[in-house]
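# A structural walkthrough
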Amino acid sequence: MTVILDGKSLADKICEQLKSETQKLSKKPKLAVIYAGDNPASQIYVKNKQKKADYIGFDSVVISLPNDVTEENLLEHIYILNEDDDVNGILVQLPLPEGINTQKIIEAIEPVKDCDGFTAYNFGRLALGYKPYAYPCTPKGIVKLLEHYNIKLQSSHTVVIGRSNIVGKPVSLLLQQKNSTVTMVNSYTKNLKDITKTADILISAAGLPNFITKEFIKNNAVIVDVGINRTEYGLTGDVDFNDCFESASFITPVPGGIGPMTIAMLMENTLELYKIQRLFKI
Ligand code: NAD
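Residues numbered from 1 in each chain as written. Predicted model: local features only at pLDDT ≥ 70, side-chain atom pairs only at ≥ 80, totals over all residues. Heavy atoms only, no water.

### Examining the overall build of the protein
The line we're drawing: A run of H or I in DSSP counts as a helix once it spans at least four residues, and a run of E counts as a strand once it spans at least two, with each numbered from the N terminus. With the radius of gyration taken over C-alpha atoms, the globule rule is written as 2.2 Å times the number of residues to the power 0.38. Accessibility here uses a 1.4 Å probe with only protein chains present; expressed as a share of the type maximum, an area under 20% marks a residue as buried, one over 50% as exposed, and anything in between as partly exposed. Note on definitions: a residue-residue contact is assigned when non-hydrogen atoms from the two residues lie within 4.5 Å. Surface accessibility follows the Shrake-Rupley procedure with a 1.4 Å probe radius. Residue values consider only the protein chains on display as shielding. As used throughout, the charge tally considers Lys and Arg to be positive and Asp and Glu to be negative, leaving His and the chain termini uncounted. For this purpose, a charge sits on NZ of Lys, CZ of Arg, CG of Asp or CD of Glu.
Secondary structure assignment for the protein yields 10 helices and 11 strands. Taking 282 residues into account, the globule formula puts the C-alpha radius of gyration at 19 Å, and the protein, at 19 Å, falls close to it. C-alpha extents for the protein along the principal axes are approximately 50 × 40 × 35 Å. Considering the protein as a whole, with its 282 residues, one finds that 50% of them fall into the buried category. Residue pairs in contact within the protein that sit at least 24 positions apart in sequence constitute 71% of those at least 6 positions apart. For the protein, the accessible area works out to roughly 13,600 Å², and carbon and sulfur atoms hold 52% of it. One way to put it: in the protein the 30 positive side-chain charges average out to a point 6 Å from where the 32 negative ones average out.

### Digging into the nonpolar core
Defined as follows: Put simply, buried Ala, Val, Leu, Ile, Met, Phe, Trp, Tyr and Cys residues joined by side-chain atoms within 4.5 Å make one nonpolar core.
In terms of nonpolar packing, the biggest core is built from 49 residues, with Ile-142, Leu-146, Ile-203, Val-222, Val-224, Val-226 and Met-267 touching the most fellow members. Take this core: its biggest share by element is 10 residues, from helix H10 (residues 258-281). Grouped together as the second largest cluster of nonpolar side chains are 20 residues, Ala-36, Val-69, Ile-78 and Ile-100 included.

### Examining the sheet that holds strand S1 (residues 3-4)
Spelled out, the test is: Any two strands with at least two DSSP-identified bridges between them are counted as paired. Only the stretch in contact is used when fitting a helix axis, every axis being a line fitted to C-alpha atoms; angles between N-to-C directions are given from 0 to 180 degrees.
In spatial order, the strands read S1-S11-S8-S7-S5-S6; together these six strands make up an open sheet with parallel pairing. Looking at which strands have only one partner, the edges of the open sheet turn out to be S1 and strand S6 (181-185). The pairing of strand S7 (residues 201-204) with strand S8 (residues 222-225) spans four bridges and is classified as parallel. When the bridges of S8 are listed, Ile-201 appears paired with Val-222. Relative to S6, helix H7 (residues 168-177) is tilted by about 165°, and along the sheet it contacts strand S5 (157-161), S6 and S7.

### Some words on the layout of surface pockets
Rules: Points on a 1 Å grid, built from protein atoms alone, make a cavity when a 1.4 Å probe fits but cannot get out and make a pocket when they are open with protein on both sides within 12 Å along at least 5 of 7 lines; residues with an atom within 4 Å of a point are the lining residues. Grid points are joined across faces, edges and corners, and a volume is the space filled by probe spheres set on the points.
Of the pockets and cavities examined, the largest pocket occupies roughly 1,300 Å³. In terms of lining residues, the largest pocket is bounded by 46 residues, among which Tyr-45, Thr-138, Ile-228, Gly-259 and Thr-262 are the most central. Counting residues per element, the ones that place at least two in the lining of the largest pocket are helix H1 (7-23), helix H2 (40-56), strand S4 (89-92), helix H6 (137-148), strand S9 (229-231) and H10. With eight residues, the top contributor of residues to the lining of the largest pocket is H2. Roughly 260 Å³ of internal volume is contained in the second largest pocket. Every residue along the wall of the second largest pocket is listed here: Leu-94, Thr-102, Gln-103, Ile-106, Glu-107, Phe-118, Ala-120, Phe-123, Asn-165 and Ile-166. Those elements that provide at least two residues to the lining of the second largest pocket are helix H4 (102-107) and helix H5 (120-128). Tallying contributions element by element places H4 first for the lining of the second largest pocket, with four residues.

### With respect to H1
Condition: By definition here, a helix of n residues has an expected span of 1.5 Å times n minus one. Think of it as the arc spanned by the lines of direction from the helix axis to the C-beta atoms.
Its 17 residues give H1 an end-to-end C-alpha distance of 24 Å, which sits within 8% of 24 Å, the value for a rise of 1.5 Å per residue. Three or more residues of H1 are buried, namely Gly-7, Leu-10, Ala-11, Ile-14, Cys-15, Leu-18 and Thr-22. Down the axis of H1, the buried set is contained in an arc of 135°. They therefore lie on one face. Opposite the buried face of H1, at more than 90 degrees from it, the exposed residues are Gln-17 and Gln-23. Taken together, the buried residues of H1 touch H2, H6 and H10.

In structure tokens:
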């Protein structure tokens, strides 16, 4: 029987634990989110992140900047937040408006406040197999969800569709550290189906609505759908859930799968950074 990987329920449990831990702290952790532009999806993500931070008991601030914000202005905000001892986590909501050098902006964040784990320092440590201050939220959430359901990672073959810096690359690194054999594919890969059909675990982060049908998967594969695609029919993942359901042993829904896990990991990272920063002060 196919099991639905219920990311929402695990994320809620994690957030409850974070809330109870936060209540015991003498000072609240603080998350700062910088958001530039008018991307409607980003607006929803930012609102959800702030809502969750408030629920857990963190202080939070959202700095909303116009679409024509300059790099200098963005950098100034980051420098101020870097210096502010009350701020423990800094997140820059992506994508940034056109013309802004994303790498330059992310690199301005103090690694110890980089709650997304996107700076070269944190990502580099992840790549080398050292502990970063924070692991990227979506990959961390994927691994946590798989482990929660006791899905065997060691010696499994994982195929990751997509090689972005925020999902594909870091989740591949994390899974290799768990001794999975990882194959990464991208939009130039030939004979994609032949590869995906060999996967014990298939992770799709391509951003293509209902792209993965049962022809792409092996019987009893574990299917992780990272995609969040807005279509005229509403929100959908990369995986055609109904088509793949019977063939899969485990499958994530969209919504209710990786999305809530990502937000929970952001909250967990913020609390962890808070603790690290307090340690530094002693
Ligand atoms: P991206 O656009 O940066 O990267 C997409 C990747 O998919 C690229 O590496 C590309 O080569 C690959 N790809 C595209 N078409 C392909 C094809 N036909 N065959 C094989 N590979 C193909 O995307 P991203 O930022 O990693 O996001 C991917 C999806 O995940 C999007 O839908 C995004 O909204 C979603 N996302 C969800 C969460 C979450 O919390 N659930 C977090 C981040 C991103």
